[in-house]
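# Breakdown of the fold
Each chain, written out:
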Amino acid sequence: MLDGKCIFCRIIKGEIPSSKVYEDDKMYVFKDIEPKAKVHLLAVPKTHFKLLEEMGETEADILKYMLLKIPSIAKANGCENGYRLLINQGDDAGQTVYHLHIHILGGEKLSDF
Ligand code: 5GP
Ligand code: ZN
């Protein structure tokens, strides 16, 4: 289920334009509007949930599906040499959009953290 007020749900529905790099029935992947690396993609499930703690079996299946798909999507979009996945959870992590999403960062040597 999508949430009409959520910015990522609206991107999935095409109500807000985005630079899409991949889409299927379960996930949508697009370029981050404020890239923090040469390649910065956001992978979002096509079902709205805010946080990992809200995840049930259905959401867990989608997340597993996404993790299986991400390597080929990352490689096809400039991350041949590796990439970093990041999932911000909550305010202290700096989460700004409360629709679960996986950052895919790469295309260059990333700094340590
Ligand atoms: P968070 O901080 O919640 O983990 O990540 C949210 C990300 O979404 C940020 O990196 C931000 O740049 C990106 N973002 C926010 N609004 C938009 C938008 O309208 N379009 C795109 N492409 N990215 C967005
Ligand atoms: Zn949403």
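See the structure shown above.
Heads up: these notes are all about the structure in this document. Numbering of residues starts from 1 in every chain and runs along the sequence as written. Chains and ligands are labelled sequentially in the order written, the chains with letters from A and the ligands with numbers from 1. Per-residue local features are limited, in this predicted model, to residues with pLDDT of at least 70; the limit for side-chain atom pairs, both in listing and counting, is 80 or more; totals at the level of whole chains, interfaces and linings are taken over all residues. With hydrogens and water set aside, each side-chain value is computed from the structure's full complement of heavy atoms.

### Concerning the overall build of the chain
If you tally the helices and strands in the chain, you get 2 helices and 5 strands. Counting from the N terminus, the helices are the DSSP runs of H or I reaching at least four residues and the strands are the DSSP runs of E reaching at least two. Mapped from its N terminus to its C terminus, the chain presents α and β elements in the order α-β-β-β-α-β-β. Just to be clear, the radius of gyration here is over C-alpha atoms, and the globule rule we use is 2.2 Å times residues to the power 0.38. Taken over C-alpha atoms, the radius of gyration comes to 13 Å for the chain, in line with the 13 Å a tight globule of 113 residues would show. Referenced to the eigenvectors of the C-alpha coordinate spread, the extents of the chain come out at roughly 35 × 30 × 25 Å. Buried residues in the chain amount to 38% of all 113 residues. Counted over contacts in the chain with a minimum sequence separation of 6, partners at least 24 positions apart contribute 53%. On the chain, roughly 6900 Å² of surface is accessible, and the fraction owed to carbon and sulfur atoms is 51%. Positive and negative side-chain charges in the chain, numbering 15 and 17 respectively, have mean positions lying 6 Å apart. Throughout, exposure labels follow a simple rule: accessible area from a 1.4 Å probe, protein chains only, divided by the maximum for the residue type, with under 20% read as buried, over 50% as exposed, and the rest as partly exposed. Should any heavy atoms of two residues lie within 4.5 Å, those residues are counted as being in contact. All accessibility values rest on the Shrake-Rupley procedure with a 1.4 Å probe; residue burial counts only the protein chains present in the view. When charges are tallied, Lys and Arg are placed among the positive residues and Asp and Glu among the negative ones, while His and the ends of the chain are skipped. The location of each charge is read from NZ of Lys, CZ of Arg, CG of Asp or CD of Glu.

### Overview of the pairing of strand 5 (residues 102-106)
Taken across its 5 residues, strand 5 has 5 buried, putting it largely inside the fold. Burial along strand 5 is two-sided: the face carrying Ile 102, Ile 104 and Gly 106 and the face carrying His 103 and Leu 105 are both buried. Only strands that DSSP links by at least two bridges are regarded as paired with each other. Sheet analysis places strand 3 (residues 39-45) next to strand 5, joined by 5 bridges and oriented antiparallel. Bridge pairing in strand 5 places Ala 43 opposite Ile 102. Relative to strand 5, strand 4 (residues 83-86) is paired through 4 bridges, and the arrangement is antiparallel. When the bridges of strand 5 are listed, Leu 86 appears paired with His 103.

### Focus: the site of ligand 1
In the region of ligand 1, 17 residues are neighbours, and Asp 32, Asn 88, Thr 96, His 101 and His 103 sit closest. Counted as a polar contact is a pair of N or O atoms within 3.5 Å, where, for protein atoms, one must be capable of donating a hydrogen and the other of accepting one, and residues adjacent in sequence contribute only when both atoms are in side chains. Gly 94 places a main-chain nitrogen or oxygen 3.1 Å from an oxygen atom of ligand 1. The side chain of His 101 places a nitrogen or oxygen atom 2.8 Å from an oxygen atom of ligand 1. Expressed as a share of its isolated accessible area of 520 Å², the protein-covered part of ligand 1 is 86%. The set of elements that each furnish at least two residues to the shell around ligand 1 consists of helix 1 (7-13) and strand 2 (27-31). Sorting elements by how many residues they give to the shell around ligand 1 places helix 1 first, with 3 residues. Residues are classed as near a molecule or strand on a simple rule: at least one heavy atom within 4 Å of it.

### A word on the coordination of the zinc ion (ligand 2)
Sites may look incomplete, because water is not among the atoms used; the donor set itself consists of N, O and S atoms within 2.8 Å of the metal (3.2 Å for Na, K and Ca). Looking at the zinc ion (ligand 2), the protein donor atoms are Cys 6 (SG), Cys 9 (SG), His 48 (ND1) and His 99 (ND1), and they sit 2.0 to 2.3 Å from it. For the zinc ion (ligand 2), the 4 donor atoms in the first shell make angles of 106 to 117 degrees at the metal, so the coordination geometry reads as tetrahedral. Mapping the donors of the zinc ion (ligand 2) onto the primary sequence gives the spacing C-x2-C-x38-H-x50-H. With Cys 6 in the segment before helix 1 and His 99 in the loop between strand 4 and strand 5, the pair connects residues that are 93 residues apart, well separated along the chain. Using a relative accessible area of 0% as the deciding quantity, one classes His 99 as buried. A site with four donors is called tetrahedral when every donor-metal-donor angle falls between 85 and 135 degrees; four donors are called square planar, and six octahedral, when opposite donors sit more than 155 degrees apart and all other angles fall between 65 and 115; any other arrangement is irregular.

Honestly, it's all geometry; don't read function into it.
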